[in-house]
Amino acid sequence: MANKVLIYVEQRDGNIKKSSFEVLKKGSELALSLNAEVEAIVIGNEINNLENVGVYGVNKITNLKNSELASYSVSAYSELLNNFVEEADADIILLANTSMGKDLAPALSVKLNCGLVIDCTELDVINNNIIATKPIYAGKALTILETNSPKSIYTLRPNVFTVGQISNSIAEVITKNIDSVNLSNKATLVTKTEGKLDVTEADIIVSGGRGLKAAENFGMIEELASLLGAATGASRAVVDAGWRPHSEQVGQTGKTVSPNLYIAVGISGAIQHLAGMQSSKFIVAINKDKDAPIFSVADYGIAGDAFEVIPALIKEIKKNNA
Amino acid sequence: MKIVVCVNHVPDTATRINISSDQKTLDSNGVTYILNPYDEYAIEEALKTKESIGGEIVAISLGKEANKETLRKVLALGVDNAVLLKTDEILDSLSVAKSLANEIKAQEADLVFMGKQSVDFDNSIMGQLVAALLKFNIVSTAISFNLDGNKITAEREIEGGKETIETTIPAVITAQKGLNEPRYASLKGIMAAKKKNIEEKEITSTNNFVNVLEMKKPIAKPAGKIVGVDSSAVPELVRLLKEEAKVI
Ligand SMILES: Cc1cc2nc3c(=O)[nH]c(=O)nc-3n(C[C@H](O)[C@H](O)[C@H](O)COP(=O)(O)OP(=O)(O)OC[C@H]3O[C@@H](n4cnc5c(N)ncnc54)[C@H](O)[C@@H]3O)c2cc1C
Ligand SMILES: Nc1ncnc2c1ncn2[C@@H]1O[C@H](COP(=O)(O)O)[C@@H](O)[C@H]1O
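Analysis parameters
Residues numbered from 1 in each chain as written. Chains lettered and ligands numbered in written order. Predicted model: local features only at pLDDT ≥ 70, side-chain atom pairs only at ≥ 80, totals over all residues. Heavy atoms only, no water. Helix = DSSP H or I, 4+ residues; strand = E, 2+ residues; numbered from the N terminus. Contact = heavy atoms within 4.5 Å. Phe/Tyr/Trp six-rings, centres within 6.5 Å; stacked < 30°, edge-to-face > 60°. Buried < 20%, exposed > 50% of the residue type's maximum accessible area, 1.4 Å probe, protein only. Axes fitted to C-alpha atoms, helices over the stretch in contact; angles between N-to-C directions. Parallel < 35°, antiparallel > 145°, perpendicular 65-115°, else oblique. Left-handed = near helix turned anticlockwise from the far one by under 90°. Nonpolar A, V, L, I, M, F, W, Y, C, P; charged D, E, K, R; others polar. Pairing = 2+ DSSP bridges. Lys, Arg positive; Asp, Glu negative; His and termini not counted. Salt bridge = Lys/Arg side-chain N within 4 Å of Asp/Glu carboxyl O. Polar contact = N/O pair within 3.5 Å; in protein donor to acceptor, adjacent residues only side chain to side chain. Near = heavy atom within 4 Å. Areas by Shrake-Rupley, 256 points an atom, 1.4 Å probe, with all protein chains shown as cover.

**Quick look at the environment of valine 83 of chain B**
Residues and elements named next belong to chain B.
Argument step 1. Along the chain, the position of valine 83 falls in strand S5 (residues 81-86).
Argument step 2. Each C-alpha atom of the pair valine 83 and glutamate 199 lies 4.7 Å from the other, and the pair is 116 residues apart in sequence.
Argument step 3. Excluding residues that lie within four positions of it along the chain, valine 83 makes contacts with Val58, Ala59, Ile60, Ser61, Leu71, Glu103, Gln107, Glu199 and Lys201.

Structure (structure tokens):
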């Protein structure tokens, strides 16, 4: 029987990540179904708009604060989170399945000696138990999982659980100053991919594949992306060819993405590519081979030449925006 | 330096996945198994580290008798010794981590390399679990690694960029693509591997906290709409995206 749901809220540069809003909302809904309390915790220094977590149904958030916590340290964050969970005596702990969540959740599961379900795409309450769905084998199958430990931890795949506000309350923010932090393992430098949106965080992604023939031809992909406020993605073939950076690779050995709209240009749709993007809400494929496997997952397709279709698409969108 | 590499034996990523009649496990009939792709980067980094500072590399795999094929492969790449932690049971990640951690402790390892993710259950947590169990430092999804004395400087991939991590050994490093370029086994290596012994240990069964209730195929999407075959279809596509899908 769960008494308390605790949500770990992730911040970078003092801002709450969108994926954490998704977790907050899902967490408050689960707490309601479980008839349990819900609260949140955030670790960092100065953090903007913490009281806003209230609109997702969570009325209390504790900020563990120290200037040394402004940037991520797995040793410091882990220790603080582990201790907080024990003190708060939470039984269900939720995090976003991000690079940070995937570090903190396993360490917490060792500390609590409890079940951990990673990368959930569905969480339901059935007979007072949480039943989780997790894609496996690169999305070729799904597992339905249940834990049997008194406490359990779940990480939620970003962009899958919708954000939407559910209340207009303002949360109570409790600030706890931390005296000393364990920095034995610390990020000393964070390098952002200059001015670019990351594929895992974008609402729209325009991805290009080998069908674009050469690195220079990605200019039109970038132009289309910038018109749509989208991130640019790539298939492994073009990353291996050195046309695009690895950070853009979508698929089994790249990133798993689930944007609202995924536009695949000159990408055949190999199973390893589909693995990374088939949970996108809408998929558009532009490929001159009408039998390309990408069309089997696409909602809309144009079976034509990208070099003719993309410039026309850019023109049409400009016309619409004007 | 005592280096451990944990390697997993997983279905080839191109394999068609069929589910057994129990609706809970993979039907392994006709499935080709390979060395987990990310573990190739882990092995390469271990070999490079040994080449620069000396030491011994032990590969550990937990699983069935068949995992020996993968261990044989990594021995051929230049790993010194191999241990199979044998079990036919399906264990959750924490149970696997506890067994791996016990063996790593017995090996008195200073440095552990793993892949960032197994391409079977796609969990990507084993390195972090083992590090927490052993109280080792962790660098997950590493794309660069440098060891100077006992000081580690590594870069890891994060959303929208990368971060540089400074820490010390003992540590677990999980390898992301881009960390290095894995080598191929030499003929000499393959011959030498045939003579090497794979130590086998039965693991005492641990209890799972996470249980599979069901395994199933995702519901296939209905076929989409081919709007056209050239740029004349573009206005209609834009209209659909705006009015039907409401995504732009
Ligand atoms: C272990 C493993 C992991 C992998 N991981 C990944 C991964 O993470 N991500 C990934 O993407 N791949 C991955 N792959 C590779 C994958 O199998 C494919 O090789 C790769 O996705 C192909 O990239 P592509 O679609 O760009 O190229 P291709 O398969 O060569 O397809 C090019 C497409 O462009 C079309 N085309 C050509 N000219 C035009 C034109 N003028 N206009 C429009 N269309 C055109 C063609 O019809 C074709 O369909 C992995 C493979 C393995 C073995
Ligand atoms: N059964 C296993 N035996 C040995 N190593 C494993 C096993 N399972 C996972 N690993 C290691 O842990 C990494 C991450 O796996 P996972 O967390 O299961 O996605 C893999 O790349 C391997 O290095």
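**Section: the packing of aromatic side chains**
Argument step 1. All chains considered together, the criterion is met by 6 aromatic pairs over all chains.
Argument step 2. Aromatic pair tyrosine 137 of chain A and phenylalanine 121 of chain B: ring centres 6.1 Å apart, planes at 80 degrees, arrangement edge-to-face. Placement of the pair is tyrosine 137 of chain A in the loop between strand S9 (129-136) and strand S10 (141-147) and phenylalanine 121 of chain B in the loop between strand S6 (111-115) and helix H4 (126-134), with the two residues belonging to separate chains.
Argument step 3. A relative accessible area of 8% means that tyrosine 137 of chain A is categorised as buried.
Argument step 4. Taking the relative accessible area as the measure of exposure, phenylalanine 121 of chain B reaches 22% and is therefore partly exposed.
Argument step 5. A centroid spacing of 6.3 Å and a plane angle of 10 degrees characterise the contact between phenylalanine 282 of chain A and tyrosine 300 of chain A, whose relative ring orientation is stacked. Within this pair, whereas phenylalanine 282 of chain A is found in strand S17 (residues 282-286), its partner tyrosine 300 of chain A is found in strand S18 (residues 300-302), the two being separated by 18 residues in sequence.

**Remarks on the packing of helix H7 (residues 306-321) of chain A against helix H6 (residues 234-244) of chain B**
Argument step 1. Closest axis-to-axis distance for the H7 of chain A/H6 of chain B pair is 9 Å, and the angle between their directions is 55 degrees. Classed by the angle they form, the pair H7 of chain A and H6 of chain B counts as oblique. Seen from above, H7 of chain A lies across H6 of chain B with right-handed handedness. Together, Val309, Ala312, Leu313, Glu316, Ile317 and Asn320 of chain A of H7 of chain A and Val234, Pro235, Leu237, Val238 and Lys242 of chain B of H6 of chain B make up the contact between the two elements.
Argument step 2. When the residues that make up the contact of H7 of chain A with H6 of chain B are grouped by side-chain class, the tally is 8 nonpolar, 1 polar and 2 charged.

**Some words on the sheet that holds strand S8 (residues 122-126) of chain A**
Argument step 1. With antiparallel pairing, 4 strands are arranged side by side in an open sheet as S8(A)-S9(A)-S10(A)-S12(B). Each edge of the sheet is formed by a strand with only one pairing partner; in this case those strands are S8 of chain A together with strand S12 (210-216) of chain B. For this sheet the average axis-to-axis angle between neighbouring strands, irrespective of direction, equals 30 degrees.
Argument step 2. Relative to S12 of chain B, S10 of chain A is paired through 6 bridges, and the arrangement is antiparallel. Each residue of the ladder has a partner; that of threonine 143 of chain A, found in S12 of chain B, is methionine 215 of chain B.
Argument step 3. Of the strands in this sheet, S8 and S9 of chain A touch helix H1 (residues 18-34) of chain A, which is tilted by about 10 degrees from S8 of chain A.

**Notes on the side chain of lysine 26 of chain A**
All names here are of chain A.
Argument step 1. Of note, lysine 26 is situated in helix H1.
Argument step 2. Within the buried set, lysine 26 has no salt-bridge partner at all; the shortest N-O distance to an opposite charge, 4.2 Å, is to glutamate 29.
Argument step 3. Within polar-contact distance, the side chain of lysine 26 engages the backbone oxygen of leucine 123 at 3.1 Å.
Argument step 4. What lysine 26 contacts, discounting residues up to four positions off in sequence, is Leu123, Leu156 and Phe161.

**Quick notes on unusual backbone geometry**
Among all residues except glycine, the phi angle is most often negative; among peptide bonds, the trans geometry is most common.
Argument step 1. Geometrically, the link from isoleucine 169 of chain B to proline 170 of chain B is a cis peptide bond, its omega value of 0 degrees lying close to zero.
Argument step 2. Note on placement: proline 170 of chain B falls in the loop between strand S9 (161-168) and strand S10 (171-175).
Argument step 3. Although it is not a glycine, asparagine 159 of chain A adopts a positive phi angle of roughly 70 degrees.
Argument step 4. Within the secondary structure, asparagine 159 of chain A is located in the loop between strand S11 (152-156) and strand S12 (172-177).
Argument step 5. Judged by relative accessible area, asparagine 159 of chain A falls into the buried class, the value being 9%.

**Points about the site of ligand 2**
Residue and element names in this part refer to chain B.
Argument step 1. Within the structure, ligand 2 sits among 18 residues, and Cys6, Asp39, Leu62, Ser118 and Ser124 are positioned closest to it.
Argument step 2. Contacts to ligand 2 include serine 118, whose backbone N or O atom sits 2.6 Å from an oxygen atom.
Argument step 3. Between ligand 2 and asparagine 123 there is a distance of 3.4 Å, counted from an oxygen atom to a backbone nitrogen or oxygen.
Argument step 4. Compared with its free state, where it exposes 480 Å², ligand 2 has 96% of that area covered by protein.
Argument step 5. The set of elements that each furnish at least two residues to the shell around ligand 2 consists of strand S4 (56-63), helix H3 (93-106) and S6.
Argument step 6. In terms of residue count, S4 provides more of the shell around ligand 2 than any other element does, 3 residues in total.
Argument step 7. Within the shell around ligand 2, the residues separate by chemical class into 9 nonpolar, 8 polar and 1 charged.

Function-wise, these values are silent; they only describe arrangement.
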